[in-house]
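Structure assessment
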2 protein chains.
Amino acid sequence: MGITIQEASRRSGLSAHTLRYYERIGLIHEVERDPSGHRAYTESDLAWLDFLTRLRSTGMPIADMCRYAELRRRGPGTTAERRRILEAHRERVRTRIARLTEDLGILDYKIDFYATTEAR
Amino acid sequence: MGITIQEASRRSGLSAHTLRYYERIGLIHEVERDPSGHRAYTESDLAWLDFLTRLRSTGMPIADMCRYAELRRRGPGTTAERRRILEAHRERVRTRIARLTEDLGILDYKIDFYATTEAR
DNA sequence: GCTTGACTTCGAGCGCGCTCTAAGCGGCAA
DNA sequence: TTGCCGCTTAGAGCGCGCTCGAAGTCAAGC
């Protein structure tokens, strides 16, 4: 019934090692176990993992993610603070995109320059 | 006449430690010295540093930057390869921006959700 | 019963990109 | 001349985010 660690790994794109690591540091809370002690992930765990990987891929540090995860565990009284964390992070992501876009322009310029020089 | 390491640090945004490190690994080539052996950077060094920091900030690994720096040192016969490196990198940057933009949408959605829940 | 293989825990190890320390030198001011 | 400051080198150390290894358990198949 539960989802094995291999399956969770396949679906989340994280290695089994990383899944255990995430649990150990508190990013995922107490995954259920089958009778022989093996992890049995739920769909809800996978949805949470999916969100976590998005935070990661946008550059949120593990420590901040842990903070967020802890608030989530503490329940509905923490939504305002969670929202603030996400808003602050969103701002960083926007800044990051702006900077990348700017640097992309420089890259275009350099590449054009090489192309022109070669054509000469 | 030459620019001191402190000045180069201030203008590049890199620490003096990092400037020496970059030179040691070959990212910057043989910075000139004043009579007492202290580094004397040129405007051209600073322009190059500026470009390097852009490559870094767009996520190019140090190893790739070293490769690029070496081609540059080898002279004008290597422009085609340098262009290819930049083009490949540009593609990665574009992908990265696309991914970030997508994740930004998820972040917006989550934040809206919290805002709505709180307002209820 | 024995092998195989995937799981478990816990702690050590790794790769990257710096960052810092130790030991020493040169130049200037008091 | 003494003290201080900022530079020099070579090499060690660090923080992050995994990643791996060792040693053990359990269930299934031969």
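The structure reproduced in this document is the subject of the present report. (Residues numbered from 1 in each chain as written. Chains lettered and ligands numbered in written order. Predicted model: local features only at pLDDT ≥ 70, side-chain atom pairs only at ≥ 80, totals over all residues. Heavy atoms only, no water.)

With respect to spatial proximity, 17 residues lie near DNA strand C, and among them Gln-6, Arg-33 and Arg-39 of chain A together with His-17 and Tyr-22 of chain B are the closest. The sugar-phosphate portion of DNA strand C accounts for 67% of its atoms within 4 Å of the protein, the bases making up the rest. Between DNA strand C and the protein, one listed contact pairs a phosphate oxygen with a backbone N or O atom of Arg-39 of chain A at 2.5 Å. The greatest single-element share of the surface near DNA strand C, amounting to five residues, is contributed by helix H2 (residues 16-24) of chain B. (Near = heavy atom within 4 Å. Polar contact = N/O pair within 3.5 Å; in protein donor to acceptor, adjacent residues only side chain to side chain. Helix = DSSP H or I, 4+ residues; strand = E, 2+ residues; numbered from the N terminus.)

With an RMSD of 0.0 Å, the operation that places chain B on chain A is a rotation of 180° combined with a shift of 0.0 Å along the axis. Here the copies are linked by what is in effect a two-fold axis. Minimal C-alpha separation from the rotation axis in chain B is found for Ile-97 of chain B, amounting to 3.0 Å. Of the residues that chain B buries at the interface, 100% are likewise interface residues in chain A, meaning the two copies contact each other through the same surface. (Least-squares fit on C-alpha atoms with pLDDT ≥ 70 in both. Contact = heavy atoms within 4.5 Å.)

Moving on: the protein's contact with DNA strand D. Taken together, the neighbourhood of DNA strand D is formed by 17 residues, with Tyr-22 and Arg-56 of chain A together with Gln-6, Arg-33 and Arg-39 of chain B sitting nearest. By atom count, sugar and phosphate contribute 68% of the portion of DNA strand D lying within 4 Å of the protein. Between DNA strand D and Arg-56 of chain A, the relevant distance is 3.0 Å, taken from a phosphate oxygen to a side-chain nitrogen or oxygen of the residue. The contact in question runs from a phosphate oxygen of DNA strand D to an N or O atom on the side chain of Gln-6 of chain B, over 2.9 Å. If you list the elements that add at least two residues to the surface near DNA strand D, you get helix H2 (16-24) of chain A together with helix H1 (5-12) and H2 of chain B. A breakdown of the residues in the surface near DNA strand D according to their chemical character gives five nonpolar, six polar and six charged. (Nonpolar A, V, L, I, M, F, W, Y, C, P; charged D, E, K, R; others polar.)

With that settled, consider H2 of chain B. Every α-helical turn comprises 3.6 residues, leaving residues that sit three or four positions apart pointing alike. Residues and elements named next belong to chain B. Turning to H2, its buried residues are Ala-16, Leu-19, Tyr-22 and Glu-23. Seen along its axis, H2 keeps its buried residues to an arc of 120°; they face one direction. Turned more than 90 degrees away from the buried face of H2 sit His-17 and Arg-24, all of them exposed. Residues of H2 that are buried in the fold lie against H1, helix H3 (43-57) and helix H4 (62-74). (Buried < 20%, exposed > 50% of the residue type's maximum accessible area, 1.4 Å probe, protein only. Arc of directions from axis to C-beta.)

Below, the discussion takes up the pattern of salt bridges. Per the stated rule, a full pass over the model turns up 26 salt bridges over all chains. Residues Arg-99 of chain A and Asp-103 of chain A are paired through a salt bridge, measuring 3.3 Å at the closest nitrogen-oxygen approach. Within this pair, Arg-99 of chain A and its partner Asp-103 of chain A are both found in helix H5 (residues 79-119), separated by four residues, close to a single helical turn. Here Arg-99 of chain A falls in the partly exposed class, since its relative accessible area comes to 33%. Asp-103 of chain A sits in the buried class, given a relative accessible area of 2%. Residues Glu-70 of chain B and Arg-74 of chain B are paired through a salt bridge, measuring 3.1 Å at the closest nitrogen-oxygen approach. Here Arg-74 of chain B and Glu-70 of chain B lie together in helix H4, a separation of four residues that amounts to about one turn. A relative accessible area of 53% means that Arg-74 of chain B is categorised as exposed. Among the charged side chains, a network of salt bridges with common partners joins Arg-54 of chain A together with Arg-99, Glu-102 and Asp-103 of chain B. (Salt bridge = Lys/Arg side-chain N within 4 Å of Asp/Glu carboxyl O.)

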